[in-house]
Amino acid sequence: MPDIKPVRKAVFPVAGLGTRFLPATKVMPKEMLPIGDRPLIQHVYEEARDAGIEEFIFVTGRYKNMLQEHFDYQPELMKTLESRGKDEMLEKVRDSQMPEGKLFTTRQAKPLGLGHAIWCARKLIGNDPFAILLPDDLVLNGKGCLAQMMDTYNENGGNVIAVKDVPREETNKYGIVDIGKENGNVVEVKGVIEKPAPDKAPSTLSVVGRYILQPEVLDYLAAFETGAGNEIQLTDSMAKLIGDQAFHGLKFKGNHYDCGSRLGFIEANIAYGLADEEIGNDVKQIIENYGSNDSKAA
Ligand code: G1P
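Residues numbered from 1 in each chain as written. Predicted model: local features only at pLDDT ≥ 70, side-chain atom pairs only at ≥ 80, totals over all residues. Heavy atoms only, no water.

## Here's the deal with unusual backbone geometry
Just so we agree on the cut-off: A run of DSSP states H or I qualifies as a helix once it reaches four residues; a run of E qualifies as a strand once it reaches two. Both are numbered from the N-terminal end. To sort residues, take the accessible area from a 1.4 Å probe on protein chains only and compare it with the maximum for the residue type: under 20% means buried, over 50% means exposed, and anything in between is partly exposed.
Put simply, leucine 22 and proline 23 share a cis peptide bond, and its omega is 5 degrees. Looking at where proline 23 falls in the secondary structure, it is placed in the loop between strand S1 (9-13) and strand S2 (34-35). One non-glycine residue, tyrosine 63, lies in positive phi territory at about 65 degrees. Following the sequence through the fold, tyrosine 63 ends up in the loop between strand S4 (55-60) and helix H2 (65-70). Assessed through its relative accessible area of 68%, tyrosine 63 is described here as exposed. Positive phi, close to 45 degrees, is recorded for lysine 195, a residue that is not glycine. Looking at the secondary structure, you find lysine 195 in the loop between strand S10 (186-194) and strand S11 (205-213).

Here's what the structure looks like:
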């Protein structure tokens, strides 16, 4: 049995500008956009917490303070809800509170790429294995995507990335893996390349924004080499680690939504709306109405 160090730290890169959602994101961080009743950042926080993460590292930037405030203790609001007997709401607010001393922040001063954002968290990551969750990517499933990856990690050690199949014409939007042996839903990753053209892609398995990585990846990131889009890519440093360390891709269970695009964001809201116990049936009815009468707007 290899010595497998538990993963207790997760990094959330949240310094991005969110230009695709302007003007909504002119002042408000894109990670505060809501899917259902909670902002994107809370969805990924909960996924990490449910997977056993205890330290939450935000790589933040200018105009992003609201993200930290969202997880604060809100005594006035809680008192008001309590006095009005709104127990369910009170519970929801309590649940959005981060345990004290568990939120750490560092800043990415310049938008030099995802790899650079992770490198900015190097002192907080230290010499421990760590997870990365990109708040743009949501996976709707009973057991969260990261929790599924933890099972793969605890069995095999090494590095684990979440992967899913995409149409070949879309390989230039994602990191794409070169795969070796397959064992059920776990694939051996032999290589990974950032945003290859469809005819250059080694497969159609794309990297979804969930990673469990060993700290050695930071040594490669420190070289500051730029890649696709002239950015410091996490994918390129992971690629250098393959061969030295085991790398697994997990074909996770659940539906994935790219909430960083307007269409993916709307689809996610529909899916989470349908899955909502309180309003799910009404959402279904609304969708049926739109489907049947061609109406563009109510
Ligand atoms: C990043 C990664 C890419 C990955 C994607 C998943 O790209 O660089 O490898 O497939 O996230 O969402 P971005 O979406 O930031 O361009």
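## Digging into the site of the ligand
Stated formally: When at least one non-hydrogen atom of a residue lies within 4 Å of a molecule or strand, that residue is treated as near it. Contacts described as polar in this section are N or O atom pairs within 3.5 Å, which, within protein, must combine one atom able to donate a hydrogen with one able to accept it, while residues neighboring in sequence count only if both atoms come from side chains. The protein chains shown are the only cover counted for residues, whose accessible areas, like all others here, come from Shrake-Rupley with a 1.4 Å probe.
Neighbouring the ligand are Leu134, Asp137, Tyr174, Gly175, Glu194, Lys195, Val207, Gly209, Tyr211, Gln233 and Thr235. A distance of 3.0 Å is found between an oxygen atom of the ligand and a backbone nitrogen or oxygen belonging to glycine 175. Contact between the ligand and valine 207: an oxygen atom at 2.6 Å from a main-chain N or O atom of the residue. When the ligand sits alone it has 380 Å² of accessible area, and the protein chains cover 75% of it. Counting residues per element, the shell around the ligand draws most heavily on S11, which supplies three residues.

## Thoughts on the side chain of arginine 38
Position of arginine 38 among the secondary structure elements: in strand S3 (residues 38-39). Note on arginine 38: relative accessible area 18%, which makes it buried. A polar contact is formed between the side chain of arginine 38 and the side chain of aspartate 37, at a distance of 2.8 Å. Here the side chain of arginine 38 touches glutamate 46 through a polar contact of 2.9 Å, side chain to side chain.

## Thoughts on the environment of alanine 109
If you trace the backbone, alanine 109 turns up in the loop between strand S5 (103-107) and helix H5 (114-119). Among the residues examined, alanine 109 registers a relative accessible area of 73% and is labelled exposed. With 50 residues separating them in the primary sequence, alanine 109 and valine 59 have C-alpha atoms 9.7 Å apart.

## Concerning the state of the cysteines
Put simply, the rule reads: The rule for a disulfide is simple: a pair of cysteine sulfur atoms within 2.5 Å.
Applying the stated criterion to the full structure yields zero disulfides. Of all cysteine sulfurs, the one in cysteine 145 lies closest to cysteine 259, which takes part in no disulfide; the gap is 13 Å.

## Observations concerning the pairing of S1
The cut-off we apply is this: Only strands joined by at least two bridges in the DSSP assignment are considered to pair.
Burial analysis of S1 places five of its five residues in the buried class, which makes it a mostly covered element. Because side chains alternate across S1, one face comprises the buried residues Lys9, Val11 and Pro13, and the other comprises Ala10 and Phe12, equally buried. The pairing of S1 with S4 spans five bridges and is classified as parallel. For proline 13, the partnering residue across the bridge sits in S4 and is valine 59. Pairing analysis gives three bridges linking S1 to strand S6 (residues 130-133), with the strands arranged parallel. Along S6, the bridge assignment pairs lysine 9 with phenylalanine 130.

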